[in-house]
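Take a look at the letters that make up each chain.
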Amino acid sequence: ATALGIDEKKFILLQACESSFRSLAKGDFRSETGEYLARGPYQWWKSSWNNYSNQYNWEGSRLSPKDNIDLAAFVIDKGGLRNWENCARKVGWIK
C-alpha cells in the first residue's frame, strides 16, 4: 500500500474493520446456501475478485492473505475504495 501512495494508517484500519486482522476471515454468511461469500483480510467476494483479476490481469488467489491484501491495495489505488464503502466510511476514508 505504501509503495502505491495509499494512506497506510487508513489501509490498516480498513483491514481491522473488515476482518479484525484475521487472515483467513470468512464473512457474509448465507444461511440458504451455507456459504460465506466474503473471504480474507479485505473480505473479497468471489465475483468482485474475479472481476478485478480479469480487469487488471491479476494472477493470485482470493484465499491467499498476501494476494488478498495486494489486490485490495491495487484496487484502492485505482479508485475502487467504494468496494469497502461501509468500513471506509467508518475509518474516515470517505464521507
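Structural data are supplied above this passage.
Residues numbered from 1 in each chain as written. Predicted model: local features only at pLDDT ≥ 70, side-chain atom pairs only at ≥ 80, totals over all residues. Heavy atoms only, no water.

Examining the pattern of salt bridges
Argument step 1. Per the stated rule, a full pass over the model turns up three salt bridges.
Argument step 2. Residues K66 and D70 are paired through a salt bridge, measuring 2.5 Å at the closest nitrogen-oxygen approach. Of the two residues, K66 and D70 are both situated in helix α3 (residues 65–77); the distance of four residues between them amounts to about one turn of the helix.
Argument step 3. On the accessibility criterion, K66 (56% relative accessible area) is exposed.
Argument step 4. For D70, a relative accessible area of 27% gives the class partly exposed. (Salt bridge = Lys/Arg side-chain N within 4 Å of Asp/Glu carboxyl O. Helix = DSSP H or I, 4+ residues; strand = E, 2+ residues; numbered from the N terminus. Buried < 20%, exposed > 50% of the residue type's maximum accessible area, 1.4 Å probe, protein only.)

Observations concerning the side chain of D67
Argument step 1. Summarising the element assignment, D67 is placed in helix α3.
Argument step 2. The side chain of D67 is buried and forms no salt bridge, while K66, the nearest opposite charge, is found at 5.1 Å.
Argument step 3. Among residues more than four places away in sequence, those in contact with D67 are W49, W58, G60 and S61. (Lys, Arg positive; Asp, Glu negative; His and termini not counted. Contact = heavy atoms within 4.5 Å.)

Regarding the sheet that holds strand β3 (residues 44–45)
In sheet architecture, strand pairing relies on hydrogen bonds along the backbone and comes in two forms, parallel and antiparallel.
Argument step 1. Ordered in space as β1-β2-β3, the three strands form an open sheet in which the pairing is antiparallel. Among the strands making up the open sheet, the edge pair consists of β1 (26–30) and β3.
Argument step 2. Pairing between strand β2 (residues 35–39) and β3: two bridges, direction antiparallel. Each bridged residue has a counterpart across the sheet, and for R39 the counterpart in β3 is W44. (Pairing = 2+ DSSP bridges.)

Details of the packing of helix α1 (residues 8–19) against α3
Argument step 1. Running from amino to carboxyl end, α1 crosses α3 at an angle of 125 degrees, the nearest separation of the two axes being 12 Å. If you check the angle between α1 and α3, you find them oblique. The crossing of α1 and α3 is right-handed. Contact with α1, carried on its side by F11, L14 and Q15, involves I69, A72, A73 and I76 of α3 and no other residues of that element.
Argument step 2. Across the contact of α1 with α3, the residue classes tally to six nonpolar, one polar and no charged. (Axes fitted to C-alpha atoms, helices over the stretch in contact; angles between N-to-C directions. Parallel < 35°, antiparallel > 145°, perpendicular 65-115°, else oblique. Left-handed = near helix turned anticlockwise from the far one by under 90°. Nonpolar A, V, L, I, M, F, W, Y, C, P; charged D, E, K, R; others polar.)

Description of the packing of helix α2 (residues 46–55) against α3
Argument step 1. At a minimum axis separation of 11 Å, α2 and α3 run at an interaxial angle of 65 degrees. The two elements α2 and α3 meet at a crossing, and its hand is left-handed. Contacts between α2 and α3 involve W49, Y52 and S53 from the former and D67, N68, L71 and V75 from the latter.
Argument step 2. Residues that form the contact of α2 with α3 fall into these classes: four nonpolar, two polar and one charged.

Honestly, that's just the spatial picture; any functional story needs more than this.
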